[in-house]
Amino acid sequence: MDSRLESTKRKRTKTDEEYSDKHSEHKPLCKYGENCYQKNSYHLQKFRHPQRDPVPVLKPEQELQVKEKSNESITCLMSSGSTEVKEQETSEANGTSSSVTAEHGIGNQESKEDDSELAHSPLNVKENIKQKFLVEMPDDFYQFWAFCQSICQQNTLELFKASLGLQLVGPFELLDQTQKKSKPKDKSDNLLTKWRFYYDPPEFQTVMVGDLSKGYHIGYFRDAPNEMPAFVGSNTESEGCVLTPLSDNLFSAVGQLLSVIVKKVDPFKKSQLTSLKKQLEDWANKNGIPIEPQNPILKKRKKLMVAKTFYECGIVVPVDKKTKVGYREIPETSANIKKICKKIVESQNLSEQNKNSDSLQELVTYVQYANDESDYGMGLELGLDLLAFGGEVFHPTILHLLGVAYELLERKEFFVILKAHLSNRRRLATAKTGN
(Lines give C-alpha, C1' and ligand atoms only; values in the text may rest on other atoms or scores of the structure.)
Protein backbone atom coordinates (compact mmCIF):
# COMPACT_ATOMS: atom_id res chain seq x y z
CA MET A 1 0.00 0.00 0.00
CA ASP A 2 2.88 2.38 0.87
CA SER A 3 4.51 1.95 -2.55
CA ARG A 4 1.21 2.60 -4.30
CA LEU A 5 0.63 5.80 -2.32
CA GLU A 6 4.20 6.96 -2.97
CA SER A 7 3.66 6.38 -6.69
CA THR A 8 0.43 8.38 -6.50
CA LYS A 9 2.24 11.31 -4.85
CA ARG A 10 4.99 11.34 -7.50
CA LYS A 11 2.43 11.11 -10.29
CA ARG A 12 0.42 14.01 -8.87
CA THR A 13 3.49 16.24 -8.49
CA LYS A 14 4.69 15.46 -12.01
CA THR A 15 1.26 16.14 -13.51
CA ASP A 16 0.96 19.46 -11.68
CA GLU A 17 4.38 20.63 -12.88
CA GLU A 18 3.68 19.58 -16.48
CA TYR A 19 0.40 21.51 -16.42
CA SER A 20 2.16 24.54 -15.00
CA ASP A 21 4.88 24.51 -17.67
CA LYS A 22 2.45 24.02 -20.55
CA HIS A 23 0.19 26.94 -19.68
CA SER A 24 2.62 29.27 -17.91
CA GLU A 25 2.83 32.04 -20.51
CA HIS A 26 -0.79 33.12 -19.99
CA LYS A 27 -0.77 33.14 -16.17
CA PRO A 28 0.08 35.96 -13.74
CA LEU A 29 3.43 35.76 -11.96
CA CYS A 30 3.27 34.40 -8.41
CA LYS A 31 4.41 37.22 -6.13
CA TYR A 32 6.51 34.74 -4.13
CA GLY A 33 8.44 33.67 -7.24
CA GLU A 34 11.21 31.15 -6.64
CA ASN A 35 10.47 31.21 -2.91
CA CYS A 36 7.00 29.75 -3.38
CA TYR A 37 6.92 26.17 -2.13
CA GLN A 38 3.36 25.29 -3.18
CA LYS A 39 2.97 22.00 -5.14
CA ASN A 40 -0.81 21.66 -5.43
CA SER A 41 -2.43 21.91 -8.86
CA TYR A 42 -4.79 24.76 -7.96
CA HIS A 43 -1.95 27.15 -7.14
CA LEU A 44 0.17 26.01 -10.11
CA GLN A 45 -2.75 26.44 -12.49
CA LYS A 46 -3.35 29.99 -11.23
CA PHE A 47 0.17 31.45 -11.08
CA ARG A 48 3.42 31.34 -13.07
CA HIS A 49 6.71 30.21 -11.44
CA PRO A 50 9.70 30.86 -13.78
CA GLN A 51 13.07 29.20 -12.92
CA ARG A 52 11.52 27.55 -9.91
CA ASP A 53 13.84 25.37 -7.83
CA PRO A 54 12.76 21.89 -6.71
CA VAL A 55 11.02 21.82 -3.35
CA PRO A 56 13.55 20.83 -0.66
CA VAL A 57 12.98 18.07 1.87
CA LEU A 58 11.97 19.79 5.09
CA LYS A 59 13.85 19.30 8.32
CA PRO A 60 12.11 19.50 11.70
CA GLU A 61 13.79 22.81 12.55
CA GLN A 62 12.30 24.36 9.40
CA GLU A 63 8.71 23.86 10.59
CA LEU A 64 8.21 27.49 11.67
CA GLN A 65 9.39 28.81 8.29
CA VAL A 66 7.06 26.44 6.46
CA LYS A 67 4.11 27.61 8.54
CA GLU A 68 4.84 31.26 7.79
CA LYS A 69 5.14 30.62 4.04
CA SER A 70 2.08 28.40 4.10
CA ASN A 71 0.05 31.18 5.70
CA GLU A 72 1.04 33.62 2.97
CA SER A 73 0.58 31.16 0.09
CA ILE A 74 -2.79 29.84 1.22
CA THR A 75 -4.05 33.40 1.71
CA CYS A 76 -3.12 33.96 -1.92
CA LEU A 77 -4.96 30.75 -2.85
CA MET A 78 -8.11 31.70 -0.92
CA SER A 79 -8.36 35.27 -2.17
CA SER A 80 -7.60 34.55 -5.84
CA GLY A 81 -9.76 31.46 -6.23
CA SER A 82 -13.05 32.81 -4.95
CA THR A 83 -13.38 35.27 -7.82
CA GLU A 84 -12.94 32.48 -10.36
CA VAL A 85 -15.63 30.34 -8.76
CA LYS A 86 -17.96 33.32 -8.53
CA GLU A 87 -17.53 34.01 -12.25
CA GLN A 88 -18.29 30.40 -13.05
CA GLU A 89 -21.42 30.50 -10.91
CA THR A 90 -22.60 33.74 -12.54
CA SER A 91 -22.16 32.26 -16.02
CA GLU A 92 -24.59 29.39 -15.34
CA ALA A 93 -28.18 29.95 -16.49
CA ASN A 94 -31.06 28.13 -14.84
CA GLY A 95 -33.84 26.59 -16.92
CA THR A 96 -36.90 24.46 -16.22
CA SER A 97 -37.67 20.74 -16.61
CA SER A 98 -40.80 19.94 -14.57
CA SER A 99 -43.46 21.55 -12.43
CA VAL A 100 -41.29 21.28 -9.33
CA THR A 101 -38.06 22.46 -10.97
CA ALA A 102 -39.75 25.35 -12.73
CA GLU A 103 -41.29 26.61 -9.51
CA HIS A 104 -37.99 26.62 -7.64
CA GLY A 105 -35.63 27.59 -10.47
CA ILE A 106 -34.01 24.16 -10.70
CA GLY A 107 -33.53 22.81 -14.17
CA ASN A 108 -31.40 22.63 -17.27
CA GLN A 109 -28.41 24.93 -17.34
CA GLU A 110 -26.97 25.51 -20.78
CA SER A 111 -23.24 25.02 -21.12
CA LYS A 112 -21.03 26.57 -23.75
CA GLU A 113 -18.63 23.64 -23.68
CA ASP A 114 -19.27 20.85 -26.18
CA ASP A 115 -17.65 18.28 -23.88
CA SER A 116 -20.48 18.81 -21.36
CA GLU A 117 -22.87 17.02 -23.69
CA LEU A 118 -24.09 13.64 -22.53
CA ALA A 119 -21.88 10.82 -23.71
CA HIS A 120 -23.38 7.94 -25.63
CA SER A 121 -25.57 6.11 -23.14
CA PRO A 122 -24.87 2.42 -22.47
CA LEU A 123 -27.77 0.10 -23.23
CA ASN A 124 -27.51 -1.41 -19.76
CA VAL A 125 -29.55 0.88 -17.50
CA LYS A 126 -27.28 0.32 -14.48
CA GLU A 127 -24.18 1.22 -16.48
CA ASN A 128 -25.98 4.25 -17.89
CA ILE A 129 -26.76 5.59 -14.41
CA LYS A 130 -23.21 4.90 -13.22
CA GLN A 131 -21.82 6.73 -16.23
CA LYS A 132 -23.94 9.83 -15.59
CA PHE A 133 -23.73 10.00 -11.77
CA LEU A 134 -20.27 8.40 -11.33
CA VAL A 135 -21.59 5.97 -8.70
CA GLU A 136 -23.44 2.68 -8.84
CA MET A 137 -26.96 2.42 -7.44
CA PRO A 138 -27.66 -0.41 -4.96
CA ASP A 139 -30.17 -3.21 -5.54
CA ASP A 140 -32.78 -1.64 -3.27
CA PHE A 141 -32.86 1.40 -5.59
CA TYR A 142 -34.07 -0.74 -8.50
CA GLN A 143 -36.35 -2.78 -6.25
CA PHE A 144 -37.91 0.42 -4.97
CA TRP A 145 -38.53 1.61 -8.52
CA ALA A 146 -40.14 -1.73 -9.39
CA PHE A 147 -42.38 -1.41 -6.32
CA CYS A 148 -43.43 2.11 -7.31
CA GLN A 149 -44.21 1.01 -10.85
CA SER A 150 -46.29 -1.89 -9.56
CA ILE A 151 -48.61 0.72 -8.05
CA CYS A 152 -48.41 3.50 -10.64
CA GLN A 153 -46.81 3.21 -14.08
CA GLN A 154 -48.00 6.46 -15.62
CA ASN A 155 -46.59 8.97 -13.12
CA THR A 156 -44.21 6.89 -11.05
CA LEU A 157 -41.96 9.79 -10.01
CA GLU A 158 -44.81 11.42 -8.09
CA LEU A 159 -46.24 8.30 -6.43
CA PHE A 160 -45.51 9.62 -2.92
CA LYS A 161 -46.23 13.29 -3.61
CA ALA A 162 -49.79 13.31 -2.26
CA SER A 163 -49.12 11.04 0.74
CA LEU A 164 -45.61 12.07 1.84
CA GLY A 165 -44.88 15.17 -0.21
CA LEU A 166 -41.97 13.34 -1.83
CA GLN A 167 -40.93 13.22 -5.47
CA LEU A 168 -38.41 10.78 -6.97
CA VAL A 169 -35.55 12.68 -8.62
CA GLY A 170 -31.96 12.36 -9.84
CA PRO A 171 -31.15 8.76 -10.88
CA PHE A 172 -34.85 7.93 -10.73
CA GLU A 173 -35.54 10.56 -13.38
CA LEU A 174 -32.92 9.04 -15.65
CA LEU A 175 -34.40 5.60 -15.03
CA ASP A 176 -37.84 6.91 -15.91
CA GLN A 177 -36.56 8.55 -19.10
CA THR A 178 -34.72 5.38 -20.09
CA GLN A 179 -37.83 3.24 -19.77
CA LYS A 180 -39.90 5.77 -21.69
CA LYS A 181 -37.10 5.92 -24.29
CA SER A 182 -36.98 9.71 -24.07
CA LYS A 183 -33.68 11.53 -24.47
CA PRO A 184 -32.43 13.35 -21.34
CA LYS A 185 -32.17 17.11 -21.83
CA ASP A 186 -29.61 17.66 -19.10
CA LYS A 187 -25.92 17.84 -19.88
CA SER A 188 -23.48 15.70 -17.92
CA ASP A 189 -22.45 18.37 -15.39
CA ASN A 190 -26.08 19.24 -14.72
CA LEU A 191 -26.93 15.67 -13.80
CA LEU A 192 -24.29 15.88 -11.07
CA THR A 193 -25.61 19.18 -9.70
CA LYS A 194 -29.31 19.46 -10.61
CA TRP A 195 -30.49 18.12 -7.26
CA ARG A 196 -27.30 18.83 -5.31
CA PHE A 197 -28.28 21.05 -2.42
CA TYR A 198 -26.02 23.70 -0.91
CA TYR A 199 -24.50 21.62 1.89
CA ASP A 200 -24.45 18.23 0.12
CA PRO A 201 -21.00 16.60 0.17
CA PRO A 202 -19.88 14.57 -2.87
CA GLU A 203 -20.56 11.45 -0.83
CA PHE A 204 -24.31 12.18 -0.87
CA GLN A 205 -26.62 11.51 -3.86
CA THR A 206 -30.16 12.87 -3.68
CA VAL A 207 -32.91 10.51 -4.91
CA MET A 208 -36.01 12.14 -3.35
CA VAL A 209 -37.06 15.70 -2.59
CA GLY A 210 -39.77 16.87 -0.22
CA ASP A 211 -40.71 20.36 0.95
CA LEU A 212 -38.54 22.57 -1.25
CA SER A 213 -39.39 25.67 0.75
CA LYS A 214 -37.11 24.11 3.38
CA GLY A 215 -34.91 22.09 1.05
CA TYR A 216 -35.77 18.70 2.50
CA HIS A 217 -34.24 15.81 0.57
CA ILE A 218 -33.34 12.14 0.95
CA GLY A 219 -30.43 10.30 -0.61
CA TYR A 220 -27.70 7.70 -0.42
CA PHE A 221 -24.48 8.40 1.47
CA ARG A 222 -21.38 6.37 0.61
CA ASP A 223 -17.83 6.61 1.92
CA ALA A 224 -16.19 5.73 -1.40
CA PRO A 225 -17.52 5.99 -4.97
CA ASN A 226 -16.76 2.35 -5.71
CA GLU A 227 -18.69 1.13 -2.66
CA MET A 228 -22.39 0.60 -2.06
CA PRO A 229 -24.07 3.27 0.12
CA ALA A 230 -23.40 3.16 3.85
CA PHE A 231 -26.89 4.47 4.61
CA VAL A 232 -29.91 6.38 3.37
CA GLY A 233 -30.00 9.83 4.97
CA SER A 234 -31.79 13.15 4.88
CA ASN A 235 -30.98 16.84 5.12
CA THR A 236 -33.05 19.98 5.42
CA GLU A 237 -31.08 22.73 3.73
CA SER A 238 -32.75 25.62 5.57
CA GLU A 239 -31.77 24.09 8.92
CA GLY A 240 -28.08 23.62 8.15
CA CYS A 241 -25.61 20.96 7.08
CA VAL A 242 -26.45 18.00 9.34
CA LEU A 243 -27.04 14.73 7.47
CA THR A 244 -29.24 12.33 9.43
CA PRO A 245 -28.92 8.57 8.76
CA LEU A 246 -32.40 7.03 8.39
CA SER A 247 -31.82 3.44 7.32
CA ASP A 248 -29.72 1.22 5.10
CA ASN A 249 -32.28 1.13 2.25
CA LEU A 250 -35.10 3.18 0.72
CA PHE A 251 -37.86 0.83 1.86
CA SER A 252 -36.93 1.33 5.52
CA ALA A 253 -36.56 5.10 5.07
CA VAL A 254 -39.97 5.56 3.45
CA GLY A 255 -41.51 3.12 5.92
CA GLN A 256 -40.26 5.28 8.79
CA LEU A 257 -41.77 8.41 7.24
CA LEU A 258 -45.10 6.66 6.69
CA SER A 259 -45.15 5.52 10.33
CA VAL A 260 -44.70 9.10 11.53
CA ILE A 261 -47.31 10.62 9.22
CA VAL A 262 -49.93 7.92 9.88
CA LYS A 263 -50.13 9.14 13.48
CA LYS A 264 -50.94 12.70 12.43
CA VAL A 265 -53.60 12.38 9.68
CA ASP A 266 -57.39 12.00 9.71
CA PRO A 267 -58.95 8.49 9.78
CA PHE A 268 -59.70 8.39 6.03
CA LYS A 269 -56.16 9.28 4.99
CA LYS A 270 -54.78 7.07 7.74
CA SER A 271 -56.43 4.06 6.10
CA GLN A 272 -54.82 4.89 2.74
CA LEU A 273 -51.36 5.38 4.22
CA THR A 274 -51.61 2.22 6.30
CA SER A 275 -52.46 0.28 3.15
CA LEU A 276 -49.51 1.83 1.29
CA LYS A 277 -47.17 1.03 4.17
CA LYS A 278 -48.30 -2.62 4.18
CA GLN A 279 -47.74 -2.89 0.42
CA LEU A 280 -44.24 -1.47 0.84
CA GLU A 281 -43.35 -3.83 3.70
CA ASP A 282 -44.80 -6.86 1.91
CA TRP A 283 -42.73 -6.10 -1.20
CA ALA A 284 -39.58 -5.65 0.90
CA ASN A 285 -40.13 -8.91 2.79
CA LYS A 286 -40.84 -10.80 -0.43
CA ASN A 287 -37.56 -9.59 -1.92
CA GLY A 288 -35.43 -10.05 1.18
CA ILE A 289 -34.99 -6.35 1.93
CA PRO A 290 -34.78 -5.74 5.70
CA ILE A 291 -37.03 -3.14 7.32
CA GLU A 292 -35.06 -1.85 10.28
CA PRO A 293 -35.62 0.98 12.78
CA GLN A 294 -33.32 4.00 12.79
CA ASN A 295 -31.40 3.37 16.04
CA PRO A 296 -29.41 0.29 14.88
CA ILE A 297 -28.29 2.22 11.79
CA LEU A 298 -27.01 5.09 13.93
CA LYS A 299 -25.13 2.75 16.25
CA LYS A 300 -23.54 0.87 13.36
CA ARG A 301 -22.41 4.12 11.76
CA LYS A 302 -20.82 5.44 14.97
CA LYS A 303 -18.71 2.29 15.26
CA LEU A 304 -17.29 2.74 11.76
CA MET A 305 -16.57 6.46 11.60
CA VAL A 306 -13.19 7.90 12.60
CA ALA A 307 -14.44 11.49 12.90
CA LYS A 308 -17.86 13.11 13.23
CA THR A 309 -17.41 16.20 10.98
CA PHE A 310 -19.88 19.09 10.92
CA TYR A 311 -22.23 16.80 8.97
CA GLU A 312 -22.42 14.61 12.12
CA CYS A 313 -22.74 11.41 10.05
CA GLY A 314 -18.98 10.94 10.10
CA ILE A 315 -16.24 9.84 7.73
CA VAL A 316 -14.66 6.42 7.25
CA VAL A 317 -11.09 5.96 6.01
CA PRO A 318 -8.71 2.97 6.08
CA VAL A 319 -6.75 2.93 9.36
CA ASP A 320 -4.04 0.38 10.14
CA LYS A 321 -5.08 -1.43 13.32
CA LYS A 322 -1.50 -1.80 14.57
CA THR A 323 0.13 1.49 13.60
CA LYS A 324 -3.06 3.62 13.59
CA VAL A 325 -1.83 5.21 10.36
CA GLY A 326 -4.64 6.61 8.20
CA TYR A 327 -6.21 9.26 10.40
CA ARG A 328 -5.13 11.80 12.97
CA GLU A 329 -7.30 14.30 14.79
CA ILE A 330 -7.41 17.95 13.77
CA PRO A 331 -5.55 19.82 16.56
CA GLU A 332 -8.56 22.05 17.21
CA THR A 333 -12.07 21.53 18.53
CA SER A 334 -15.06 21.64 16.19
CA ALA A 335 -16.47 24.57 18.15
CA ASN A 336 -13.29 26.60 17.63
CA ILE A 337 -13.10 25.72 13.94
CA LYS A 338 -16.64 27.06 13.54
CA LYS A 339 -15.61 30.28 15.32
CA ILE A 340 -12.61 30.62 13.01
CA CYS A 341 -14.81 30.10 9.94
CA LYS A 342 -17.39 32.56 11.21
CA LYS A 343 -14.77 35.30 11.66
CA ILE A 344 -13.45 34.70 8.13
CA VAL A 345 -16.92 34.81 6.53
CA GLU A 346 -17.87 37.96 8.44
CA SER A 347 -14.64 39.83 7.57
CA GLN A 348 -15.32 43.32 6.27
CA ASN A 349 -12.39 43.49 3.85
CA LEU A 350 -9.57 41.40 2.39
CA SER A 351 -7.01 42.59 4.95
CA GLU A 352 -9.26 41.58 7.83
CA GLN A 353 -10.06 38.29 6.08
CA ASN A 354 -6.36 37.46 5.71
CA LYS A 355 -5.75 38.19 9.38
CA ASN A 356 -8.72 36.08 10.45
CA SER A 357 -7.50 33.24 8.21
CA ASP A 358 -4.23 32.70 10.09
CA SER A 359 -5.63 30.00 12.38
CA LEU A 360 -7.25 28.12 9.49
CA GLN A 361 -4.09 28.30 7.42
CA GLU A 362 -2.14 26.75 10.28
CA LEU A 363 -4.60 23.83 10.29
CA VAL A 364 -4.08 23.40 6.54
CA THR A 365 -0.34 23.18 7.21
CA TYR A 366 -0.97 20.41 9.76
CA VAL A 367 -2.96 18.58 7.07
CA GLN A 368 0.07 18.74 4.79
CA TYR A 369 2.19 17.10 7.49
CA ALA A 370 -0.52 14.47 8.01
CA ASN A 371 -0.64 13.68 4.29
CA ASP A 372 3.15 13.23 4.25
CA GLU A 373 2.73 10.56 6.94
CA SER A 374 -0.23 8.83 5.22
CA ASP A 375 -2.88 10.15 7.63
CA TYR A 376 -5.21 11.18 4.80
CA GLY A 377 -8.35 11.32 6.93
CA MET A 378 -7.38 14.64 8.50
CA GLY A 379 -7.53 16.54 5.21
CA LEU A 380 -10.79 14.84 4.32
CA GLU A 381 -12.30 15.90 7.65
CA LEU A 382 -11.18 19.53 7.46
CA GLY A 383 -12.22 19.89 3.82
CA LEU A 384 -15.70 18.51 4.52
CA ASP A 385 -16.00 20.75 7.59
CA LEU A 386 -15.38 23.82 5.44
CA LEU A 387 -17.86 22.60 2.83
CA ALA A 388 -20.44 21.98 5.56
CA PHE A 389 -19.90 25.40 7.13
CA GLY A 390 -20.54 27.18 3.82
CA GLY A 391 -19.08 30.30 2.26
CA GLU A 392 -17.56 30.99 -1.13
CA VAL A 393 -14.36 32.24 0.48
CA PHE A 394 -13.53 28.64 1.43
CA HIS A 395 -14.03 27.15 -2.04
CA PRO A 396 -10.34 27.26 -3.15
CA THR A 397 -9.20 25.74 0.15
CA ILE A 398 -11.91 23.08 -0.07
CA LEU A 399 -10.77 22.18 -3.59
CA HIS A 400 -7.19 21.91 -2.40
CA LEU A 401 -7.88 19.85 0.73
CA LEU A 402 -10.44 17.49 -0.77
CA GLY A 403 -8.65 17.28 -4.11
CA VAL A 404 -5.59 15.84 -2.40
CA ALA A 405 -7.62 13.70 0.04
CA TYR A 406 -9.79 12.13 -2.65
CA GLU A 407 -6.78 11.40 -4.82
CA LEU A 408 -4.78 9.78 -2.04
CA LEU A 409 -7.82 7.81 -0.86
CA GLU A 410 -8.54 6.78 -4.47
CA ARG A 411 -11.95 8.48 -4.49
CA LYS A 412 -11.38 10.63 -7.58
CA GLU A 413 -15.02 10.51 -8.73
CA PHE A 414 -15.93 12.53 -5.66
CA PHE A 415 -13.58 15.29 -6.75
CA VAL A 416 -15.29 15.49 -10.15
CA ILE A 417 -18.62 15.88 -8.34
CA LEU A 418 -17.14 18.48 -5.98
CA LYS A 419 -15.78 20.64 -8.79
CA ALA A 420 -19.13 20.57 -10.59
CA HIS A 421 -20.90 21.49 -7.37
CA LEU A 422 -18.68 24.42 -6.42
CA SER A 423 -18.85 25.85 -9.94
CA ASN A 424 -22.63 26.08 -9.55
CA ARG A 425 -23.23 26.09 -5.79
CA ARG A 426 -26.57 27.58 -4.85
CA ARG A 427 -29.35 27.14 -2.33
CA LEU A 428 -32.32 25.20 -3.65
CA ALA A 429 -34.54 25.95 -0.63
CA THR A 430 -36.82 28.91 -1.30
CA ALA A 431 -36.60 30.08 2.33
CA LYS A 432 -33.72 32.49 2.82
CA THR A 433 -31.03 31.23 5.20
CA GLY A 434 -27.64 32.28 6.43
CA ASN A 435 -24.50 30.18 6.58
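As recorded in an unreviewed UniProt entry, the protein chain goes by EOG090X0BAY and comes from Daphnia similis. In UniProt, the protein chain has this text filed under Sequence similarities (unreviewed entry): "Belongs to the HPF1 family."

Peer 1: Please clarify how the overall build of the protein chain should be interpreted in this entry.
Peer 2: For the protein chain, the count of helices and strands is 18 helices and 5 strands. Burial status across the protein chain gives 51% buried among its 435 residues. Looking at the protein chain alone, contacts between residues at least 24 apart form 63% of all its contacts between residues at least 6 apart. Per element, the accessible surface of the protein chain, about 21800 Å² overall, is 50% carbon and sulfur.

Peer 1: Explain the packing of aromatic side chains here, please?
Peer 2: Think of a pair of aromatic rings as described by two things: how far the centres are apart, and how the planes are tilted against each other in angle. Evaluated as defined, the whole model comprises 14 aromatic pairs. Ring centres 6.2 Å apart and planes at 50 degrees place the aromatic pair F144 and F172 in the tilted group. Here F144, found in helix α6 (residues 139-151), pairs with F172, found in helix α8 (residues 171-179); they are 28 residues apart in sequence, far enough to count as distant. Accessibility classification places F144 together with F172 in one group, the buried group. Ring centres of Y366 and Y369 lie 6.4 Å apart, and the angle between their planes is 80 degrees; on these two criteria the pair is classed as edge-to-face. Of this pair, Y366 and Y369 are both found in helix α15 (residues 358-372), 3 residues apart, which corresponds to roughly one turn of the helix. On the basis of relative accessible area, Y366 is assigned to the partly exposed category, the value being 25%. Assessed through its relative accessible area of 18%, Y369 is described here as buried.

Peer 1: For this particular structure, what's the right way to read the sheet that holds strand β4 (residues 231-236)?
Peer 2: Strand pairing in a sheet relies on backbone hydrogen bonds. The paired strands run either parallel or antiparallel. Read across the open sheet, the 5 strands follow the order β1-β2-β3-β4-β5; overall the sheet is antiparallel. With one partner strand each, in any of the chains shown, β1 (167-168) and β5 (244-247) form the two edges of the open sheet. Direction of pairing for β1 relative to strand β2 (residues 204-209): antiparallel, over a ladder of 2 bridges. From the neighbouring strand, Q167 faces β2, where its bridge partner is V209. On top of the sheet, α8 reaches β1 and β2; it is set at about 65 degrees to β2, its chief contact. Each of β3 (216-221), β4 and β5 touches helix α12 (residues 294-304); the most contacted strand, β5, lies at about 125 degrees to it.

Peer 1: Before we go on, may I ask you to explain the pattern of salt bridges in this structure?
Peer 2: Evaluated as defined, the whole model comprises 8 salt bridges. Here K277 makes a salt bridge to E281, at a shortest N to O gap of 2.5 Å. Residue K277 and its partner E281 are located together in helix α11 (residues 267-286), separated by 4 residues, close to a single helical turn. Relative accessible area serves as the criterion here: at 24%, E281 is assigned to the partly exposed category. The salt bridge partner of D282 is K278, with a shortest N-O separation of 2.8 Å. With D282 and K278 both in helix α11 and 4 residues apart, the pair spans about one turn of that helix. Owing to a relative accessible area of 40%, D282 belongs among the partly exposed residues under this scheme. Taken together, the shared-partner salt bridges connect R328, E373 and D375 into one network.

Peer 1: I tried to follow the environment of L258 on my own but got confused; where do I start?
Peer 2: Locating L258 in the fold gives a position in helix α10 (residues 250-262). Its relative accessible area of 0% is what places L258 among the buried residues. Residues L258 and L276, spaced 18 residues apart in sequence, show a C-alpha to C-alpha distance of 8.5 Å.

Peer 1: Can you help me understand the packing of α6 against α10 in this one?
Peer 2: How two helices pack is summed up by the angle between their axes together with the distance between the axes. With their axes 9 Å apart at the nearest point, α6 and α10 run at an angle of 55 degrees to one another. Taken as axis vectors, α6 and α10 run oblique relative to one another. On the side of α6, the interface is formed by D140, F141, Q143, F144 and F147, while α10 contributes L250, F251 and V254. Among the residues forming the contact of α6 with α10, the class breakdown is 6 nonpolar, 1 polar and 1 charged.

What counts as what
- Residues numbered from 1 in each chain as written.
- Predicted model: local features only at pLDDT ≥ 70, side-chain atom pairs only at ≥ 80, totals over all residues.
- Heavy atoms only, no water.
- UniProt positions renumbered as here; feature names shortened; annotations may be inferred.
- Helix = DSSP H or I, 4+ residues; strand = E, 2+ residues; numbered from the N terminus.
- Buried < 20%, exposed > 50% of the residue type's maximum accessible area, 1.4 Å probe, protein only.
- Contact = heavy atoms within 4.5 Å.
- Areas by Shrake-Rupley, 256 points an atom, 1.4 Å probe, with all protein chains shown as cover.
- Phe/Tyr/Trp six-rings, centres within 6.5 Å; stacked < 30°, edge-to-face > 60°.
- Pairing = 2+ DSSP bridges.
- Axes fitted to C-alpha atoms, helices over the stretch in contact; angles between N-to-C directions.
- Salt bridge = Lys/Arg side-chain N within 4 Å of Asp/Glu carboxyl O.
- Parallel < 35°, antiparallel > 145°, perpendicular 65-115°, else oblique.
- Nonpolar A, V, L, I, M, F, W, Y, C, P; charged D, E, K, R; others polar.

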